[in-house]
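Descriptive analysis of the structure
Residues per chain are reported as follows:
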Amino acid sequence: MNAFLIAGNWKMNGSGVSSHSLASQIISDIEKTPSLTDTCDFLCCPPHIYLLNIVGLADNSPLLVGGQDCSTETEGAFTGDISAPMLADCGAQYCIVGHSERRTIHGETSQQIAKKGECLKESGIKAIICVGETITERKAGKALDVIKEQLKTSIPSGFNAQDFIVAYEPVWAIGSGEAASPEDVAEMHRDIRNILKEMVDKGDTIRILYGGSVKPDNAGELAGIENVGGFLIGGASLKADSFLGIAKAAHDVLS
Ligand code: PEP
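Attention here is on the structure that accompanies the text. None of these values were measured; they are calculated from a predicted model. (Residues numbered from 1 in each chain as written. Predicted model: local features only at pLDDT ≥ 70, side-chain atom pairs only at ≥ 80, totals over all residues. Heavy atoms only, no water.)

**Description of the environment of Gly224**
Positionally, Gly224 belongs in the loop between helix H10 (216-223) and strand S8 (230-233). With a relative accessible area of 48%, Gly224 lands in the partly exposed category. Counting along the chain gives 25 residues from Gly224 to Ala249, while the straight-line C-alpha distance between them is 9.9 Å. (Helix = DSSP H or I, 4+ residues; strand = E, 2+ residues; numbered from the N terminus. Buried < 20%, exposed > 50% of the residue type's maximum accessible area, 1.4 Å probe, protein only.)

Here's what the structure looks like:
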């Protein structure tokens, strides 16, 4: 089975200097505690403009580097967009697609997300496909229906188990300081696992990340939940201390 993935989504934060120093600090902290890599893999997703620098820095280190999004197209007249082949060319190994901020702020549909996933697969990049319900949907008892629909429509039909991972990120938990309860995480991850097993051969091997206000003090409990294969971390990934604190808490539970 895969190691537990500690993935940081840096979003649109930082500068060239600060992202360089954050990545250097993360690499040196991991190297100071090499046993962490027995249980955890590490990934950071910096703003695309800093990707090439961070890939250079992370070369020959335990830190993997990924993109935060990609275009639905591979090349052409798409001003401002970044294609999957460009991300691969810069050394990205993973790419987040369908983050709730893309779905909400940019109005992205699951069909577009699936198209992005296909471009990533063609470029040899593993897609991190995000799904998550809003608080209104959860309160209406529709969380599972929403997640099922997002999975069925966002995962490209030609995908195999090794082409992607899923990140379950309840929208109301992102950046709110309030993570989902361990009971809700356990239930939803079990349901997602069952859906993946129905959809994809070897669906039981696909990592399912949890995202939404993960911090060092809740990471241990969340990491111990069955079918939680890692974390997608926003705010707490912007400081090496908290990013590594999450990894250490997960490591203590998993080792
Ligand atoms: C995210 O944006 O994917 C996220 C999980 O953010 P945070 O950890 O800040 O809740």
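So that's the structure; there's more coming.
**As for the site of the ligand**
Every one of the 13 residues lining the ligand counts as a neighbour, but Lys11, Glu169, Gly175, Ser213 and Gly234 are closest to it. Measuring from an oxygen atom of the ligand, one finds a side-chain N or O atom of Lys11 at 2.4 Å. In this structure, an oxygen atom belonging to the ligand sits 2.8 Å away from a main-chain N or O atom of Gly234. Residue composition of the shell around the ligand, by class: four nonpolar, seven polar and two charged. (Near = heavy atom within 4 Å. Polar contact = N/O pair within 3.5 Å; in protein donor to acceptor, adjacent residues only side chain to side chain. Nonpolar A, V, L, I, M, F, W, Y, C, P; charged D, E, K, R; others polar.)

**What about the pairing of strand S1 (residues 4-9)?**
With six of its six residues buried, S1 lies for the most part within the structure. Burial of S1 is two-sided: the residues Phe4, Ile6 and Gly8 facing one way and the residues Leu5, Ala7 and Asn9 facing the other way are all buried. In this sheet, S8 lies alongside S1 in parallel orientation, the contact comprising four bridges. Bridge pairing in S8 links Leu5 to Gly230. (Pairing = 2+ DSSP bridges.)

**Re the packing of H10 against helix H11 (residues 240-254)**
To characterise two packed helices, one gives the angle between the axes of the helices and the distance between these axes. Between H10 and H11, whose axes approach to 8 Å, the crossing angle comes to 30°. By the angle class used here, H10 and H11 are roughly parallel. The two elements H10 and H11 cross, and the hand of that crossing is right-handed. Residue-level inspection shows Pro216, Ala219, Gly220 and Ala223 of H10 in contact with H11, the latter providing Ser242, Gly245, Ile246, Ala249, Ala250, Val253 and Leu254. Partitioning the contact of H10 with H11 into residue classes produces eight nonpolar, three polar and no charged. (Axes fitted to C-alpha atoms, helices over the stretch in contact; angles between N-to-C directions. Parallel < 35°, antiparallel > 145°, perpendicular 65-115°, else oblique. Left-handed = near helix turned anticlockwise from the far one by under 90°. Contact = heavy atoms within 4.5 Å.)

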